[in-house]
Amino acid sequence: MKKSEIEKLTNKRYTIKQAIAYFIETYVNVEDKLNFKEIMNKLILNLIKIDEKEIMEKIEVTDVEYFWSINVEQLISYAYIIFEKITNTKQEVEIRNIIEELKNAIKLYSPNNAEEFVENKMGNSTEENSGGVNG
């Protein structure tokens, strides 16, 4: 990823409706809907390639009552929480399930807490894969 692409992402804010639109666009167009890494990689590519206005024209999001915005790290953290749960069920889901999972994640985690949760989880996962602190 180019430095300009990273800077472009880090300075953006996304509405919850935009986040949902990116999640839906990603899930609908990913080849293996049970492959967590593939979904997350596709999401990041979509964030880079698809403008926020364009995504809202492609995907209509209704029935969402959240009017605040999140940064890209928080968006990716919510995606991590949602898609990890979805892929762990080992079943493809419908669009409404993605929206419901986000609503549940928002009830459990503020944007900052979601980011912290994922950072901690990824840190623990890295330690487990490397044999831990004493490994």
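What you see is a predicted model; the values in this text were computed from it and never measured.

Here we look at unusual backbone geometry
Reasoning step 1: If you check the backbone angles, Lys90 has positive phi at about 65° while not being a glycine.
Reasoning step 2: With relative accessibility at 60%, the residue Lys90 sits in the exposed group.

Digging into the side chain of Gln74
Reasoning step 1: Inspection of the secondary structure assignment puts Gln74 in helix H5 (residues 72-88).
Reasoning step 2: When its relative accessible area of 6% is taken as the criterion, Gln74 is described as buried.

Looking at H5
Reasoning step 1: Helix length check: H5, at 17 residues, gives a terminal C-alpha distance of 24 Å against a target of 24 Å (1.5 Å per residue), a fit within 8%.
Reasoning step 2: The element H5 is largely enclosed, with a buried count of 13 among its 17 residues.
Reasoning step 3: Among the residues trailing H5, Lys90 stands out with phi positive, at a value near 65°.

Quick word on the confidence of the model for the protein
Reasoning step 1: Averaged over all residues, the pLDDT of the protein is 87; the fraction at 70 or higher stands at 88%.
Reasoning step 2: Across the protein, the element-wise mean pLDDT spans from 70 in helix H1 (residues 3-10) up to 96 in H5.
Reasoning step 3: Across residues 129-135 the pLDDT falls below 50, and counting only partners more than four positions away or on other chains, this stretch makes two contacts in the model.

Considerations on the layout of surface pockets
Reasoning step 1: When its volume is computed, the largest pocket comes out at roughly 370 Å³.
Reasoning step 2: What lines the largest pocket is a set of 14 residues, among which Met40, Ile76, Tyr80, Val118 and Met122 lie closest to the centre.
Reasoning step 3: Only helix H3 (36-49), H5 and helix H7 (111-129) provide two or more residues apiece to the lining of the largest pocket.

Re the packing of H5 against helix H6 (residues 95-108)
Reasoning step 1: Where H5 meets H6, the axes come as close as 10 Å, and the angle between the chain directions of the two elements is 125°. Regarding the angle of H5 to H6, the classification is oblique. Classified by chirality, the crossing of H6 by H5 is right-handed. Taking contact as the criterion, the partners of Tyr78, Ile81, Ile82, Phe83, Lys85 and Ile86 in H5 are, on H6, Ile98, Glu101, Leu102, Ala105 and Ile106.
Reasoning step 2: Its residues assigned to classes, the contact of H5 with H6 comprises nine nonpolar, no polar and two charged.

What counts as what
- Residues numbered from 1 in each chain as written.
- Predicted model: local features only at pLDDT ≥ 70, side-chain atom pairs only at ≥ 80, totals over all residues.
- Heavy atoms only, no water.
- Buried < 20%, exposed > 50% of the residue type's maximum accessible area, 1.4 Å probe, protein only.
- Helix = DSSP H or I, 4+ residues; strand = E, 2+ residues; numbered from the N terminus.
- Expected span 1.5 Å × (residues − 1).
- pLDDT = per-residue confidence, 0-100.
- Contact = heavy atoms within 4.5 Å.
- 1 Å grid on protein atoms, 1.4 Å probe; cavity = no way out; pocket = protein on both sides within 12 Å on 5 of 7 lines; lining within 4 Å.
- Points joined across faces, edges and corners; volume = space filled by probe spheres on them.
- Axes fitted to C-alpha atoms, helices over the stretch in contact; angles between N-to-C directions.
- Parallel < 35°, antiparallel > 145°, perpendicular 65-115°, else oblique.
- Left-handed = near helix turned anticlockwise from the far one by under 90°.
- Nonpolar A, V, L, I, M, F, W, Y, C, P; charged D, E, K, R; others polar.

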